[in-house]
Amino acid sequence: MCCRARIHEPLFTRILVPIDFSATSSAALTYARALASAFNATLHLLHIAAVTFLCAGGVGSIRSRQAAMADLDTLLGDEDRQLFRATATVEYAQMPAEAIVHHALANDVELIVMGTHGHTGLAHVLLGSVAEWVVRRAPCPVLTLRGLPRSMADGRTGPSRVLAATDFSPPSDRALEHARRLAERCGAQLHLLHVLEDPIETAAFATRTFVPDLPEVREARLREAADRLAQRAGADSTPPRVTTEVVVG
């Protein structure tokens, strides 16, 4: 693996990967392996089976659980078990997203890596998104993937570029710390981004419009934002490849 440990305290020691046997969850497992190697973390696979599979007397449910466990075992190689102390669990639930969050809470998970099927438009409104639900309610950071990044598809293990978008709030500062440590562990470039919004005016009937700043006002706001980004980047930051950018939009 290419990632090297460069900080003393581990950031993620228990990584959870929800598995639904789709291509996106397979990509999530590949990504999770790279992070587990970088942080010397344990890897935990979780499959949530729908309760509709349960049968009277429990015979059908036992077979379903055994089949799911067999499928999970095929995903785990000897390296997973030896290097990452990998485990696999099958649970039954009506709401997979709630079950994932509950499992993370009960097992002190520090990172969830999961695939997303990328629902859009009306389908997203009607069906919802398990990944989105987990992101909003998980007790730990959540990394979602719609597929493997190009760099990993080309053979690299771990991220090569990490983007940290910040609005200078305490939550975004905490996210930046995670991004910084992730970049440190994997030797990746860290890019800090702030989006400067135009002021909004509320008119009659609650309509909202963007009102562009005067040129001198905008220049002052851009300089202020750039200074705040520079402070967060740090003059002696690690890794040395830290860049900052302010855009308007």
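Every chain is numbered on its own, with residues counted from 1 as its sequence reads. Under the rules for a predicted model, residues below a pLDDT of 70 receive no local features and side-chain atom pairs below 80 are neither given nor counted, while totals for whole chains, interfaces and linings still include all residues. Think of the side-chain values as coming from all heavy atoms in the structure, minus any hydrogens and water.

I keep staring at helix α8 (residues 170-186) and nothing clicks. Help me out?
An α-helix turns once every 3.6 residues. As a result, residues three or four positions apart point the same way. Under the scheme used here, helices are H or I runs from DSSP no shorter than 4 residues and strands are E runs no shorter than 2 residues, and both carry numbers assigned from the N terminus. The span expected for a helix works out to 1.5 Å for each residue beyond the first. Relative to the 24 Å expected for 17 residues at 1.5 Å per residue, α8 spans 25 Å between its end C-alpha atoms, a close match to the ideal helical length. Accessible area is worked out with a 1.4 Å probe on protein chains only. A residue is then buried under 20% of its type maximum, exposed over 50%, and partly exposed in between. All of the buried residues along α8 are Ser-172, Leu-176, Ala-179, Arg-180, Leu-182, Ala-183, Glu-184, Arg-185 and Cys-186. In this analysis, two residues are considered to be in contact whenever any of their non-hydrogen atoms come within 4.5 Å of each other. Those residues of α8 that are buried lie in contact with α1 (23-39), β6 (161-165), β7 (189-196) and α9 (215-233).

In this structure, what is going on with the pairing of strand β2 (residues 42-50)? I would like to understand it.
Remark: a regular strand shows side chains that alternate across the two faces of the sheet. In terms of burial, β2 is a largely internal element, eight of the nine residues being buried. Crossover handedness is defined by viewing with both strands directed away from the observer: a clockwise path from the first strand over the helix to the second marks the crossover as right-handed. In this fold, the crossover linking strand β1 (residues 14-18) to β2 by way of α1 has right-handed handedness. The pairing of β2 with strand β3 (residues 87-93) spans seven bridges and is classified as parallel. Within β3, the position partnered with His-47 by the bridge is Val-90. At least two bridges found by DSSP between two strands is the condition for calling them paired.

Please clarify how the sheet that holds strand β4 (residues 111-115) should be interpreted in this entry.
In any sheet, the strands associate via hydrogen bonds between backbone groups, in a parallel or an antiparallel arrangement. Judged by pairing direction, the sheet is parallel, and its five strands sit side by side in the order β3-β2-β1-β4-β5 without closing on themselves. In this open sheet, the two strands that pair with only one neighbour each are β3 and β5 (142-145). Taking each pair of neighbouring strands and ignoring which way they run, the sheet shows an average axis angle of 25°. Two strands pair when backbone bridges link them, and β4 and β5 are joined in this way by four bridges, in the parallel orientation. Bridge pairing in β5 links Met-114 to Thr-144. Here, axes are lines fitted to C-alpha atoms. For helices the fit covers the stretch in contact, and angles between N-to-C directions go from 0 to 180 degrees. Across the sheet, α1 lies against β1, β2, β4 and β5, angled at about 150° from β4, the strand it touches most. Here helix α6 (residues 130-137) sits on the sheet and contacts β4 and β5; the angle it forms with β4, its principal contact strand, is near 165°.

I'm lost on the packing of helix α4 (residues 96-106) against α6 in this one. Help?
Two quantities define a packed helix pair, namely the angle between the axes and the distance from one axis to the other. Relative orientation of the contacting elements α4 and α6 amounts to 35°, with a least axis distance of 9 Å. Classified by chirality, the crossing of α6 by α4 is right-handed. Between α4 and α6, the residues in contact are Ala-97, Glu-98, Ile-100 and Val-101 and Val-130, Trp-133, Val-134 and Arg-137, respectively. In the scheme used here, Gly and all other residues not listed as nonpolar or charged are polar, with Ala, Val, Leu, Ile, Met, Phe, Trp, Tyr, Cys and Pro taken as nonpolar and Asp, Glu, Lys and Arg as charged. Partitioning the contact of α4 with α6 into residue classes produces six nonpolar, no polar and two charged. Helix crossings are classified by the rotation of the near helix relative to the far one: an anticlockwise turn of less than a right angle makes the crossing left-handed, while a clockwise turn makes it right-handed.

What should I look at first to understand the pattern of salt bridges in this one?
Close approach of charged atoms allows side chains with opposite charge to pair. Each salt bridge in this description consists of a side-chain nitrogen of Lys or Arg and a carboxyl oxygen of Asp or Glu lying within 4 Å of one another. Applying the stated rule across the entire model yields five salt bridges. Arg-33 serves as the salt-bridge partner of Asp-80, at 2.8 Å between the closest nitrogen and oxygen. Of this pair, Asp-80 sits in helix α3 (residues 78-83) while Arg-33 sits in helix α1, and the two are 47 residues apart along the sequence. Asp-80 sits in the buried class, given a relative accessible area of 4%.

Could you clarify how one ought to interpret the packing of α1 against α8 in this entry?
Running from amino to carboxyl end, α1 crosses α8 at an angle of 80°, the nearest separation of the two axes being 9 Å. It follows that α1 is roughly perpendicular to α8 by the angle criterion. Contacts from Leu-35, Ala-38 and Phe-39 in α1 reach Arg-181, Leu-182, Arg-185 and Cys-186 in α8. In terms of residue class, the contact of α1 with α8 is made up of five nonpolar, no polar and two charged. Angular relationships are summarised with four words: roughly parallel below 35 degrees, roughly antiparallel beyond 145, roughly perpendicular across 65 to 115, and oblique for the angles in between.

Is there a simple way to think about the sheet that holds strand β10 (residues 242-248) in this case?
One open sheet accounts for three strands, arranged β6-β7-β10; its pairing is parallel. Since the sheet does not close on itself, it has two edges, and those belong to β6 and β10, each with one partner. The average undirected angle you get between the axes of adjacent strands in this sheet is 25°. Packed on one face of the sheet, α8 meets β6 and β7 and runs near 170° to β6. Packing of α9 onto the sheet brings it into contact with β7 and β10, and relative to β10 it is tilted by some 155°.

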